[in-house]
4 protein chains.
Amino acid sequence: MHIGLVGLGRMGNNMRARLRNAGIEVTGYDANPAVSDVADLGALAAALPEGKKLVWVMVPHGKITDDVITDLAGVLSEGDLVIDGGNSKWLDDTVHAEQLGAKGIRYMDAGVSGGVWGKDNGYGLMVGGAPEDVEFAMPVFDALRPEGPREEGFSHAGPVGAGHYAKMVHNGIEYAIMQAYGEGYELLEAKDIIKDVPAVFAGWQRGTVVRSWLLDLMVLALNEDPKLDAIEGYVEDSGEGRWTVEEAIEHAVPMPTISASIFARFVSRQGSASPTMKAVAALRNQFGGHAVKKA
Amino acid sequence: MHIGLVGLGRMGNNMRARLRNAGIEVTGYDANPAVSDVADLGALAAALPEGKKLVWVMVPHGKITDDVITDLAGVLSEGDLVIDGGNSKWLDDTVHAEQLGAKGIRYMDAGVSGGVWGKDNGYGLMVGGAPEDVEFAMPVFDALRPEGPREEGFSHAGPVGAGHYAKMVHNGIEYAIMQAYGEGYELLEAKDIIKDVPAVFAGWQRGTVVRSWLLDLMVLALNEDPKLDAIEGYVEDSGEGRWTVEEAIEHAVPMPTISASIFARFVSRQGSASPTMKAVAALRNQFGGHAVKKA
Amino acid sequence: MHIGLVGLGRMGNNMRARLRNAGIEVTGYDANPAVSDVADLGALAAALPEGKKLVWVMVPHGKITDDVITDLAGVLSEGDLVIDGGNSKWLDDTVHAEQLGAKGIRYMDAGVSGGVWGKDNGYGLMVGGAPEDVEFAMPVFDALRPEGPREEGFSHAGPVGAGHYAKMVHNGIEYAIMQAYGEGYELLEAKDIIKDVPAVFAGWQRGTVVRSWLLDLMVLALNEDPKLDAIEGYVEDSGEGRWTVEEAIEHAVPMPTISASIFARFVSRQGSASPTMKAVAALRNQFGGHAVKKA
Amino acid sequence: MHIGLVGLGRMGNNMRARLRNAGIEVTGYDANPAVSDVADLGALAAALPEGKKLVWVMVPHGKITDDVITDLAGVLSEGDLVIDGGNSKWLDDTVHAEQLGAKGIRYMDAGVSGGVWGKDNGYGLMVGGAPEDVEFAMPVFDALRPEGPREEGFSHAGPVGAGHYAKMVHNGIEYAIMQAYGEGYELLEAKDIIKDVPAVFAGWQRGTVVRSWLLDLMVLALNEDPKLDAIEGYVEDSGEGRWTVEEAIEHAVPMPTISASIFARFVSRQGSASPTMKAVAALRNQFGGHAVKKA
């Protein structure tokens, strides 16, 4: 099989390597000519064998993905297949599918999990699209997903959009699990009788109920920096966690832990500039004469 | 009526003034001789008229209150009445009642709300104790509580401990209400189409569902400092909010908003030193290669 | 002054009465001919005096408001003014303003708080629109708002949309305050030493930090039904609370208490059918052999 | 090695089997003579070889553990070692250590994770005690813990109490992770474009960031009952989750996700009888005339 891959950043580059290792021929395009296999998307399309051409898009979601989709609509032909493997919002998928569909080009979305470890471990995949497109692209999915039974590292979640939707929920869960380990870490650190927090985390890796891959990563992080002294408590968020909560609100799904984990990230970026806590401090001062900390 | 008052700090001093204005004679004692009416608790007890002597204790909870109760047990007599109006935990009330009760001295607890405004507005009172003691002390409660029907500014919540317990719950609710206004304030501040946040808060004071005394105070605070620029988002907590959540846990009462408001205060004091968020940042770095902010 | 009023349901009918009491002439239209003053919107427009005609819209948000706006665009003229006093989303205001603006018709939005009590107490008003329109409609606002200084029951929050936005935030805060009182109520009910929960709430009405109009209503409710025995713990939500959280997410505003109060309402409608808790029960059963409750 | 084991319920019985498989001789005692190896604790002590006798206690925490400790103090001798492997609160460990220590008997606590799977997979162990006692008991720990490097399934967390404390925090984290999967499950179930929720969960088992043992169990549960139709959303909690939040409050550790997961369990047991939501419903009715659901 020979496919096109648009976007050769950290993720795209790793995926190209994993695909090639698995015997998939890959022609890659990136705006950065230093890493690109071809000069432009036209050349990418031209490089692919006749028949149903498959182009995997792996660029930042939003405008950049929109632009790539628009450009691909110009260089691909009826019956070809585009798969967006980036972090697009599921609602974008409908737009992209219609845009390409107007030219008879097929579209699928693929949520991809695994981060920098995916190159070696394989990527967990959740895809949305028509069954015949899923079947056609299966050699690519099989190359990207981890070893083991297909259904343990790959799911066909539903029609177009369902893959990114499932990935979005995955990330919402991920946020809450990370926050849960963080809270446990903080309490263990705060307790005088706990003498070796990294050892406790390490000892949870086998046999316990809370063992997980994120726990293994926590152990790695604590091995490098047992008190996490070198790191500030400052955490960005990507779109998926926010969308998860928005969808929960839309569907009347109670989501206390996932929302709490996102709010914790918001707060982590405010520090003492939090307007909410300024207001609370001002109120305490008003009714009780409690001193405020001057900015 | 002539009572003793132990503790002449900000609260005690204001209460002495309000009691005297209402025609209650007050002999005050404080460890600070500059503000004290008498030299020691023995002199305080001696200054009170024969019969059932009433001493109101208004000192910081914990060891200082414990010591005052112990000392009063030495200078008062059978049938006298001690009222703890400080912020003691309701569990301390049982201890203090037993300690005094061993000498036949009566005990009541009074939760007092109103802060620095109480001197002029009156204090909301929640008391715990035996009905005959409540009746005996009613002239004092009537002098301290706000104008208007007694049952709107005073409650006899139950036996010893119930007054402080009701006040504890009051403070838990207070935390959540403050946090709610803070969250609304922050969102209004974040929104470009809202041109005058202080005007919006001011306009909520009459006719709306959210009108309250805390809202009035928020308006005062925004009058002084419309962007709260001079205040850091740093908020202490007193014991009552924590005890409220502990009690909720003990009695299997779900308490999401009150607990959230307390956790927000904890976080406000950590800033970028939050161990939880350090751990979350470390995890993101481990799986995704996301940059961390170096401490 | 003589204005048109579209929508004579519970809110519109009360507002018509309050406006007329204040000397404002009102021609009302409602789809229900039994309560309507005129046969249709054309007749409503015709009934208003020449010059800048003012029509206040008070119908359910969404499609019904959309339709009324469309119809008013057909019967009003350049320079007339439409005010949407319903619970529309602030984003709808922009659409409606553009739609009417295409014909030179002016538009404002007004968030209205006060519920069934507004007829007698007056309504808290938050408005969005151009200063000249606000000035023109001020007699109407003055008639609707409560007695007292205008700025305590009325605010001009910003341009079109700002009124509904401020009302949306108001409702978000309202949700959290209600939840906070509820949590406090539940804990007091759960505690054996609290002998009279309604008395505690009643006694918080004067002098305390938590006194508010919602507290007064809680006292009324407990007067009618001291244990709330006749009411199920089932609570609907209107759109505003959800939009508040969505906006918080959009603007990275941490909103733990307001979101918790909405999630609590979602849960209240699920009972034992909660999919989240089914999943948790299933997990406990899987790892610990803990019994599940069979559906 | 030959040890005593007190308590042969589900956990104790499995542990006896695992220990014997590993070549540890075990004399078990249980109040139920049908499963007991000896008639009483005296016989148990007598059955153990001379020298430092080791007795592992595996009975419900609280009064039953207290009684067993008291009885062991009567039948063991100076230098013997008792290990409490049950779910005792860490504060009980101090009491038990002092009680046994008065007779020169040594004491350790062991938090044990793994549930019904531990017999085959091994148990994750977190222990508290003196280094020489840990070393003495290591053959037992090695027999109980999972295959693999010792430090990945065993930790010596600190002095007496630290083992149960680490296990308590483990369980708090466990609660939040379970809740996070539950929330994600509910949202996926609520979304029309997700056609196969069990497949999505199954596909997360390899390569994804959220892969974990609890996820594997979720897949097992969904295999058995894809819609969880047979299960009610009703979840008990054991003490550890509550203690975790109490400790968080005590140490000013923000714990939004772990507390939310416990509150969700509390709510799951209330259904429409929730006093909080009754109060919220009553308030809505008071201010807005919103209908309540009659009990």
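Residues numbered from 1 in each chain as written. Chains lettered and ligands numbered in written order. Predicted model: local features only at pLDDT ≥ 70, side-chain atom pairs only at ≥ 80, totals over all residues. Heavy atoms only, no water.

1. Comments concerning the overall build of chain A
Quick note on the threshold: Note on conventions: DSSP H or I runs of at least 4 residues are helices, E runs of at least 2 residues are strands, and numbering of each starts at the N terminus. The cut-offs for exposure are 20% and 50% of the maximum accessible area for each residue type, with area from a 1.4 Å probe on protein chains only; residues under the lower value are buried, those over the upper are exposed, and the others partly exposed. Two residues form a contact once any of their heavy atoms are found within 4.5 Å. Each accessible area is a Shrake-Rupley result for a 1.4 Å probe, and residues are judged covered by the shown protein chains and nothing else. Under the counting rule used here, the positive set is Lys and Arg, the negative set is Asp and Glu, and His together with the chain ends is not counted. The atoms used to mark charge sites are NZ of Lys, CZ of Arg, CG of Asp and CD of Glu.
Each helix and strand counted, chain A has twelve helices and seven strands in total. Each principal axis of the C-alpha atoms in chain A carries an extent, and together these give about 75 × 45 × 40 Å. Buried positions account for 63% of the 295 residues belonging to chain A. For chain A, restricting intrachain contacts to residue pairs at least 6 apart in sequence, the fraction spanning at least 24 positions comes to 65%. Of the roughly 9,800 Å² of accessible surface on chain A, 50% is carried by carbon and sulfur atoms. Taken as two groups, the 26 positive and 40 negative side-chain charges of chain A have centres that lie 7 Å from each other.

2. Digging into the packing of aromatic side chains
This is how the line gets drawn: Each Phe, Tyr or Trp ring, with Trp reduced to its six-membered ring, pairs with another whose centre is within 6.5 Å; inter-plane angles below 30 degrees give stacked pairs, above 60 give edge-to-face pairs, and intermediate values give tilted ones.
Counted according to the given criterion, the structure contains 28 aromatic pairs over all chains. Geometrically, the ring pair formed by Trp117(C) and Trp213(C) is edge-to-face, given 5.8 Å between the ring centres and 90° between the ring planes. Of this pair, Trp117(C) sits in the loop between strand E5 (106-113) and helix H5 (118-121) while Trp213(C) is found in helix H9 (residues 213-224), placing the two residues 96 residues apart along the sequence. Seen from their ring centres, Phe141(D) and Phe154(D) are 5.3 Å apart, and the 35° between their planes marks the pair as tilted. A residue pair is termed long-range when its members are at least 10 positions apart, and Phe141(D) in helix H6 (residues 131-144) and Phe154(D) in strand E7 (residues 154-158) qualify at 13 residues.

3. Some thoughts on unusual backbone geometry
Of note, the phi angle at Ala252(A) is positive, near 55°, even though the residue is not glycine. Along the chain, Ala252(A) turns up in the loop between helix H10 (239-250) and helix H11 (256-268). Unlike most non-glycine residues, Leu228(B) shows phi in positive territory, near 55°. With respect to the secondary-structure elements, Leu228(B) resides in the loop between helix H9 (213-224) and helix H10 (239-250).

4. Some points on the relation of the copies chain D and chain A
Heads up, the rule is: The fit set for superposing copies consists of C-alpha atoms from residues with pLDDT of at least 70 in both; the fit itself is least squares.
Mapping chain D onto chain A leaves a residual RMSD of 0.1 Å; the transformation is a rotation of 180° accompanied by 0.0 Å of translation along its axis. Such a combination of rotation and displacement between the chain copies is what one expects of a two-fold axis. When each C-alpha of chain D is compared by its distance to the rotation axis, Ser212(D) comes out closest, at 1.9 Å. Taken as a fraction of all interface residues of chain D, those also at the interface in chain A reach 100%, which identifies the copy contact as same-surface.

5. What to know about the interface of chain D and chain A
Let me state the cut-off plainly: A simple way to read buried area is as the amount of 1.4 Å-probe accessible surface that goes missing from two parts once joined, with both sides added. Here, a salt bridge means any Lys or Arg side-chain nitrogen found within 4 Å of an Asp or Glu carboxyl oxygen. Here a polar contact is recorded for every N or O atom pair within 3.5 Å, except that within protein the pair must consist of a potential hydrogen donor and a potential acceptor, and residues adjacent in sequence are included only if both atoms are side-chain atoms. In the scheme used here, Gly and all other residues not listed as nonpolar or charged are polar, with Ala, Val, Leu, Ile, Met, Phe, Trp, Tyr, Cys and Pro taken as nonpolar and Asp, Glu, Lys and Arg as charged.
Between chain D and chain A, the contact holds 72 residues from the first and 72 residues from the second. Both sides of the chain D and chain A interface together cover about 5,900 Å² of buried area, and 68% of this is carbon and sulfur. Area buried by chain D at its contact with chain A is led by Leu187(D), Arg206(D) and Val209(D), which between them contribute 12% of it. For the pair chain D and chain A, the interface holds four salt bridges. In this structure, Glu152(A) and Arg206(D) form a salt bridge, with 2.7 Å as the shortest nitrogen-oxygen distance. Inspection of the chain D/chain A interface yields 26 residue pairs in polar contact (both at pLDDT 80 or more). Secondary-structure elements contributing two or more residues to the side of chain D that touches chain A are strand E6 (124-128), E7, helix H7 (162-190), helix H8 (197-203), helix H9 (213-224), helix H10 (239-250) and helix H11 (256-268) of chain D. At 19 residues, the largest contribution of residues to the side of chain D that touches chain A is made by H7(D). For the side of chain D that touches chain A, a count of residues per class yields 38 nonpolar, 22 polar and twelve charged.

6. Section: the pairing of strand E2 (residues 25-29) of chain B
All names here are of chain B. Where we set the bar: Strand pairing follows a simple DSSP-based rule, namely that at least 2 bridges must link the two strands. With its strands directed away from the observer, a crossover is right-handed exactly when the path from the first strand over the helix to the second travels clockwise.
The element E2 is extensively covered by neighbouring structure, given that four of its five residues are classed as buried. Here strand E1 (residues 2-6) runs beside E2; their pairing, made up of five bridges, is parallel. Along E2, the bridge assignment pairs His-2 with Glu-25. Handedness of the crossover joining E1 and E2 through helix H1 (residues 10-21): right-handed.

7. Here's the deal with the packing of H7(D) against H11(D)
All names here are of chain D. Cut-off, in case you're wondering: Convention adopted: a line fitted to C-alpha atoms gives each axis, helices being fitted over their contacting stretch, and angles between N-to-C directions are expressed from 0 to 180 degrees. Orientation labels follow simple angle bins: below 35 degrees gives roughly parallel, above 145 gives roughly antiparallel, 65 to 115 gives roughly perpendicular, and whatever is left gives oblique.
Between H7 and H11, the least distance of the axes is 8 Å, while the angle of their chain directions is 70°. As judged from the angle between their axes, H7 and H11 are roughly perpendicular. Taken together, the residues of H11 that come into contact with H7 (itself represented by Gly-172, Ile-173, Tyr-175, Ala-176, Met-178 and Gln-179) are Thr-257, Ile-258, Ser-261, Ile-262, Ala-264 and Arg-265. Grouping the constituent residues of the contact of H7 with H11 by class yields seven nonpolar, four polar and one charged.

8. Quick notes on the packing of helix H11 (residues 256-268) of chain B against H11(D)
To keep things clear, this is the line we draw: Here is the rule for handedness: rotate from the far helix to the near one, and if that takes an anticlockwise turn smaller than a right angle the crossing is left-handed, while a clockwise turn gives right-handed.
Close contact between H11(B) and H11(D) brings their axes to 11 Å; oriented N to C, the two are set at 170°. The angle between the axes of H11(B) and H11(D) places the two elements in the roughly antiparallel class. Considering only the axes of H11(B) and H11(D), their crossing is right-handed. The segment H11(B) lies against H11(D), with Pro256(B), Ser259(B) and Phe263(B) engaging Pro256(D), Ser259(D) and Phe263(D).

9. What to know about the UniProt feature "domain: 6-phosphogluconate dehydrogenase C-terminal" (unreviewed entry) in chain A
Condition: UniProt positions are given in the numbering used here, feature names are shortened, and annotations may be inferred rather than shown by experiment.
When the UniProt feature table is mapped onto this chain, "domain: 6-phosphogluconate dehydrogenase C-terminal" (unreviewed entry) is found at residues 163-291 of chain A. Helix makes up 67% of residues 163-291 of chain A and strand 0%, whereas the separation of the span's terminal C-alpha atoms amounts to 52 Å.

10. Section: the sheet that holds strand E1 (residues 2-6) of chain A
Residues and elements named next belong to chain A. A sheet is described by the order of its strands in space; here seven strands give the open sequence E2-E1-E3-E4-E5-E6-E7, paired in mixed fashion. The open sheet has two edge strands, strand E2 (25-29) and strand E7 (154-158), and neither has a second partner. In this sheet, neighbouring strand axes are inclined to one another by 25° on average, regardless of whether the strands run parallel or antiparallel. Strands strand E4 (81-84) and strand E5 (106-113) of the sheet are contacted by helix H4 (residues 90-101), whose axis makes an angle of about 150° with E5.

11. Considerations on the domain arrangement of chain A
All names here are of chain A. Operational definition: Where each domain starts and ends follows an automatic or database-derived domain assignment.
Here chain A is described as being made up of domain 1 (1-157) and domain 2 (232-294). Taking the mean C-alpha position of each, domain 1 and domain 2 sit 36 Å from one another. With both chains or domains summed, domain 1 and domain 2 bury close to 410 Å², and 62% of this area falls on carbon and sulfur atoms. Looking only at domain 1, the three residues that lose the most surface to domain 2 are Asn-87, Lys-89 and Trp-90, adding up to 82% of its buried area. At the junction of domain 1 and domain 2, the tally comes to zero residue pairs in polar contact (both at pLDDT 80 or more).

12. Topic: the sheet that holds strand E7 (residues 154-158) of chain B
All names here are of chain B. Spatially, the seven strands line up as an open sheet ordered E2-E1-E3-E4-E5-E6-E7, and their pairing is mixed. Strand pairing shows two members of the sheet lacking a second neighbour, E2 and E7, which therefore form its edges. Between one strand axis and the next, the sheet turns through 25° on average, direction left out of account. Note: strand E4 (residues 81-84) against strand E5 (residues 106-113), four bridges, orientation parallel. Within E5, the residue paired with Ile-83 across the bridge is Met-108. Against the sheet, helix H4 (residues 90-101) touches E4 and E5, its axis set at about 150° to E5. Of the strands in this sheet, E1, strand E3 (54-57), E4, E5, strand E6 (124-128) and E7 are in contact with helix H6 (residues 131-144), which crosses E3 at around 65°.

13. Topic: the relation of the copies chain D and chain C
Laying chain D over chain C is done by rotating through 180° and shifting 0.0 Å along the axis; what remains is an RMSD of 0.0 Å. A high fraction, 100%, of the interface residues of chain D reappear at the interface in chain C, so the copies pair face to face through one surface.

14. Some words on the interface of chain D and chain C
Each partner contributes to the interface: chain D provides 54 residues, whereas chain C provides 54 residues. Taken together, both faces of the contact between chain D and chain C bury some 5,200 Å²; the carbon and sulfur share is 64%. Viewed at the interface, chain C and chain D are joined by 22 residue pairs in polar contact (both at pLDDT 80 or more). Those elements that place two or more of their residues in the side of chain D that touches chain C are H7, H9, H11 and helix H12 (275-288) of chain D. Looking at side-chain class alone, the side of chain D that touches chain C contains 27 nonpolar, 14 polar and 13 charged residues.

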